[in-house]
Amino acid sequence: MLNCTKESNYEIESKVIDDIFISIVDSTLIDRRTYLGFEYSKKQIDSIKKDSLNRIVAFIPKLTSIESDDLKIIPKDYKSISDSLWTFTPEKYNTKKYIFKKASELPFDNSYENWAKKYTKFSGVLSFSQIYFDKEMKKAILSVTYICGVNCSVGYLVYIEKEKNKWKVKKVNNTWIS
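Residues numbered from 1 in each chain as written. Predicted model: local features only at pLDDT ≥ 70, side-chain atom pairs only at ≥ 80, totals over all residues. Heavy atoms only, no water.

If you look at the biggest cluster of nonpolar residues, it comprises 31 residues, and the most contacted ones within it are I17, F21, F128 and L142. If you tally residues by element for this core, the top one is helix 1 (residues 9–28), at six residues. Look past the residues within four positions of L142 in its chain and what remains in contact with it is I20, I24, F128, S129, Q130, I131, Y156, L157, V158 and I160. (Core = buried A, V, L, I, M, F, W, Y, C linked by side-chain atoms within 4.5 Å. Buried < 20%, exposed > 50% of the residue type's maximum accessible area, 1.4 Å probe, protein only. Helix = DSSP H or I, 4+ residues; strand = E, 2+ residues; numbered from the N terminus. Contact = heavy atoms within 4.5 Å.)

Structure representation (structure tokens):
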């Protein structure tokens, strides 16, 4: 007899993403306007840092394969529960602080200048990897990539744990920078 209450792997991963999405963005997103080393006065930089509403974030709306270098760091007993890479709608996570757009909205441009021209508050492009869970499904790791242009990108491993039936970000480690 089938257990009708058992969640599918897709539903499990979707819940995890729902629980941690904004927290991961808060933990990893860098404002492109300050990261690229533009010449700003202290007053301008302070203004940009205070300007935290309606930041535009392009998002690759599918879980990607994890980078081989990151995979070496993940404990061997952590496994991905999904055989396929699935997509989701980043716009559902929009808040006053962030407006998420699908990265495919504009043609690919290495420098992302087309995004910066269309959206003055463009912060960059984010993507998440597949999620790797421990055997008990209480801890997990995923990689996050943030790209804002040529020589403007950062990679992270994000460690999450399930507490009181909700997933929480526990630690964010920078794994590479360009």
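Our focus in this paragraph is the side chain of T28. Counting through the fold element by element, T28 comes out in helix 1. Under the relative-accessibility criterion, T28 is labelled buried at 1%. There is a polar contact of 2.8 Å between the side chain of T28 and the backbone oxygen of I24. Non-local contacts of T28, meaning those with residues more than four positions away in its chain, are made with L126, V144, Y156, V158 and V172. (Polar contact = N/O pair within 3.5 Å; in protein donor to acceptor, adjacent residues only side chain to side chain.)

Under the definition given, this model contains seven salt bridges. Salt bridges sharing partners connect three or more residues here, namely K15, D19 and K166. (Salt bridge = Lys/Arg side-chain N within 4 Å of Asp/Glu carboxyl O.)

What follows deals with the pairing of strand 1 (residues 55–59). Of all five residues that make up strand 1, five are buried, and the element is covered over most of its length. On strand 1, burial covers both faces: R55, V57 and F59 on one face and I56 and A58 on the other are all buried. In the sheet, strand 1 pairs with strand 3 (residues 98–102) via five bridges, with the strands oriented parallel. From the neighbouring strand, V57 faces strand 3, where its bridge partner is F100. (Pairing = 2+ DSSP bridges.)

All told, the structure shown has one disulfide when counted by the stated rule. In this model, C148 is linked to C152 through a disulfide, with the two sulfur atoms separated by 1.5 Å. (Disulfide = S-S within 2.5 Å.)

The next point concerns the environment of I131. Secondary-structure assignment places I131 in the loop between strand 4 (122–128) and strand 5 (132–133). As a C-alpha pair, I131 and T64 span 67 residues in sequence and 9.5 Å in three-dimensional space. Residues within four places of I131 in sequence aside, it is in contact with E13, V16, I17, K79, S80, I81, A140, I141 and L142.

That's the geometry; what it means functionally is another story.
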